[in-house]
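Here is how the chains run, residue by residue.
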Amino acid sequence: MEVGAAAAAATAGGVGMGLFSYNRGNYMFDQKNHYTRFTAGLNMAIAQTGIYKQDIAQLTALTVTRQDCYHGIAAMGLTILTAIYCPGRVGLHTPPPPSWLMGLGFVNIAGCYMFLGLTLWLAMHASMRADTAATHMLTRFVRLP
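Within any chain, residue numbers begin from 1 and follow the written order of that chain's sequence. The predicted nature of this model means local features are confined to residues of pLDDT at least 70 and side-chain atom pairs, given and counted, to a pLDDT of 80 or more, with totals for whole chains, interfaces and linings taken over all residues. Excluding hydrogens and water, the side-chain values take into account all heavy atoms of the structure.

A. View of the nonpolar core. Put simply, buried Ala, Val, Leu, Ile, Met, Phe, Trp, Tyr and Cys residues joined by side-chain atoms within 4.5 Å make one nonpolar core. Partly exposed residues are those whose accessible area sits between 20% and 50% of the maximum for their type, while under 20% is buried and over 50% is exposed, using a 1.4 Å probe and protein chains only. Ala74, Leu78, Leu81, Met102, Phe106, Ile109, Leu116 and Leu120 form the largest nonpolar core, which has eight residues in total. A helix here means a DSSP run of H or I that spans at least four residues, while a strand means a run of E at least two residues long, and both kinds are numbered starting from the N terminus. Elements that contribute at least two residues to this core include exactly α2 (24-85) and α3 (99-140). In terms of residue count, α3 provides more of this core than any other element does, five residues in total. Any pair of residues with heavy atoms lying within 4.5 Å of one another is described as a contacting pair. Sequence-distant contacts of isoleucine 109, that is, excluding residues within four places in its chain, are made with Leu81, Ile84 and Tyr85.

B. The arrangement of α3 in detail. Helix span is expected to be 1.5 Å times the residue number reduced by one. The terminal C-alpha atoms of α3 lie 60 Å apart, and with 42 residues this matches the ideal 62 Å at 1.5 Å per residue to within 8%. Every buried residue belonging to α3 is among Met102, Phe106, Ile109, Leu116, Leu120, Ala123, Ser127, Ala130 and Ala134, and all of these are buried. At its buried positions, α3 is contacted by α2.

C. The arrangement of α2 in detail. The terminal C-alpha atoms of α2 lie 91 Å apart, and with 62 residues this matches the ideal 92 Å at 1.5 Å per residue to within 8%. Thr49, Ile56, Thr60, Val64, Gln67, Ala74, Gly77, Leu78 and Leu81 are the residues of α2 that are buried. Where α2 is buried, its residues touch α3.

D. Spotlight on the confidence of the model for the protein chain. With 95% of its residues at a pLDDT of at least 70, the protein chain reaches an overall mean of 87. Mean pLDDT in the protein chain bottoms out at helix α1 (residues 2-22), which sits at 72, and peaks at α3, which reaches 93. Confidence scores labelled pLDDT are given residue by residue by the predictor and lie between 0 and 100.

E. Structural detail: the packing of aromatic side chains. When the centres of two rings from Phe, Tyr and Trp lie within 6.5 Å, Trp using its six-membered ring, the rings pair. Their planes under 30 degrees apart give stacked, over 60 give edge-to-face, and anything left gives tilted. In the structure shown here, the tally under the stated rule is three aromatic pairs. With centroids separated by 5.0 Å and ring planes inclined at 90°, the aromatic side chains of tyrosine 85 and phenylalanine 106 adopt a geometry described as edge-to-face. Highlighted residues: tyrosine 85 in helix α2 and phenylalanine 106 in helix α3, separated in sequence by 21 residues.

F. Structural detail: the environment of tyrosine 52. Residue position: tyrosine 52 is located in helix α2. C-alpha separation for the pair tyrosine 52 and valine 142, spaced 90 residues apart in sequence, amounts to 7.0 Å.

G. Representation of the packing of α2 against α3 in the model. Helix axes use the C-alpha atoms of the stretch in contact, all axes being lines fitted to C-alpha atoms, and the angles between their N-to-C directions lie in the range 0 to 180 degrees. Axis separation between α2 and α3 bottoms out at 8 Å; the angle between their running directions is 160°. In this view, α2 runs roughly antiparallel relative to α3, as classed from their interaxial angle. Seen from above, α2 lies across α3 with left-handed handedness. Counted by class, the contact of α2 with α3 contains 22 nonpolar, eight polar and three charged residues. Oblique is the label for any angle not under 35 degrees, not over 145, and not in the 65 to 115 range, which are roughly parallel, roughly antiparallel and roughly perpendicular in turn. Handedness of a crossing follows from how the near helix is turned relative to the far one, being left-handed for an anticlockwise turn of less than a right angle and right-handed for a clockwise one. In this classification, the charged set is Asp, Glu, Lys and Arg, the nonpolar set is Ala, Val, Leu, Ile, Met, Phe, Trp, Tyr, Cys and Pro, and all remaining amino acids, among them Gly, are polar.

As structure tokens, this is what we get:
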């Protein structure tokens, strides 16, 4: 009886080892593929996040560059208008035009001052707002996975 029990135990142990090692090679191969697939997906997600960050930086740089051009042009316009407005009359080396014409001209120049000042303010605001929006999107919405 003891010989039969020992034989049964040996048989059960052999069957158990056979069942354990039956799929072990496939399991280990699958685990390598599983990790490789996981890291490949993670690397793709990181690359996609980098592309999103680059897109945001390019879009905001476009807005900031355009607003900086508007800002420079408006500042030059204000400088030129100041050079015209400060002497108090147009045509310093010739006889002055009639006073009613000078009044209309200076009212127009004053209106230009107002709109160029508005242009300066809005250009600065748009440039700063674009930078702020880029920072907001990069810190809140585009994150590494």
